[in-house]
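In case you want the letters, here they are:
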Amino acid sequence: MKTIKKTTAMIAIAFMTFSFTTLDKTDKQVSADKSTVTWKGYKVTGSHTGQISIKSGTLSFNDNKLTGGNFTIDMTTISVTDLKGDYKAQLEGHLKSDDFFGVTDHPEAKLVFTKVKASGKNAYEITGDITIKGKTETISFDLSIYGNKATGSLKIDRTKFNVRYGSASFFDNLKDKVIYDEFDIVVDLEF
């Protein structure tokens, strides 16, 4: 009988504790129109920059602390911002071709946060799964959040996603035609 009373009392205490404890779980949609994703690729003779559009994105919070996130990128929107005219059109077409991102067969890239760790005030260390050209790899990066804005920088090794065109890791005698394996992504998000 005492065991039943103790069990009942413990259940009642647990119920009352959970009844008065509220967790503010919120998913915030990222504004595709107000957010930017800027890329920068490097080669022996210089670099190129451009943008890619976010198709959709969500950041998850628990009591105003980041706990998760996921994004879909529209790879068909790859644009070049440091060139004009025919050179711009040529590079954009090449980046969309199978030599690079093959956007006809792979129109989207995805990023899903798998681990979020606070690293300071408004700062987080993110680990996530990124999918490009149908291949998924783990990536880590830092993300800062201020109010309804977030910023982060990612360094991506394109060869892990079978984007090998001009890579000295796979081709010999490229000389000044080498395109470095890693490229940078800088995200400025509004939600």
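Refer to the structure printed above.
Residues numbered from 1 in each chain as written. Predicted model: local features only at pLDDT ≥ 70, side-chain atom pairs only at ≥ 80, totals over all residues. Heavy atoms only, no water.

Asker: Requested: an account of the side chain of Arg158, with residues and values cited.
Answerer: As for its position among the elements, Arg158 is in the loop between strand S8 (149–157) and strand S9 (179–190). Here Arg158 is buried and forms no salt bridge, its nearest opposite-charge partner Asp181 lying at an N-O distance of 4.1 Å. A distance of 2.9 Å separates the side chain of Arg158 from the backbone oxygen of Ile179, its partner in a polar contact. When neighbours within four sequence positions are excluded, Arg158 is seen to be in contact with Phe100, Val163, Arg164, Tyr165, Gly166, Ser167, Ile179, Tyr180, Asp181 and Phe183. (Helix = DSSP H or I, 4+ residues; strand = E, 2+ residues; numbered from the N terminus. Buried < 20%, exposed > 50% of the residue type's maximum accessible area, 1.4 Å probe, protein only. Lys, Arg positive; Asp, Glu negative; His and termini not counted. Salt bridge = Lys/Arg side-chain N within 4 Å of Asp/Glu carboxyl O. Polar contact = N/O pair within 3.5 Å; in protein donor to acceptor, adjacent residues only side chain to side chain. Contact = heavy atoms within 4.5 Å.)

Asker: I'd like a rundown of the side chain of Thr159, residues and numbers included.
Answerer: Looking at where Thr159 falls in the secondary structure, it is placed in the loop between S8 and S9. Here Asp157 takes part through its side chain, which lies 2.6 Å from a polar atom of the side chain of Thr159. Not counting residues within four places of it along the chain, the set of residues in contact with Thr159 comprises Arg164, Ser167, Phe170 and Asp181.

Asker: Tell me about the packing of aromatic side chains, and name the residues and values.
Answerer: All told, the structure shown has 5 aromatic pairs when counted by the stated rule. For the pair Phe61 and Phe191, a centre-to-centre distance of 5.7 Å together with 35 degrees between the ring planes defines the contact as tilted. Taken together, the residues Phe61 in strand S3 (residues 46–62) and Phe191 in the segment after S9 connect sequence positions 130 residues apart. Ring centres of Phe113 and Phe141 lie 6.0 Å apart, and the angle between their planes is 70 degrees; this geometry places the pair in the edge-to-face category. (Phe/Tyr/Trp six-rings, centres within 6.5 Å; stacked < 30°, edge-to-face > 60°.)

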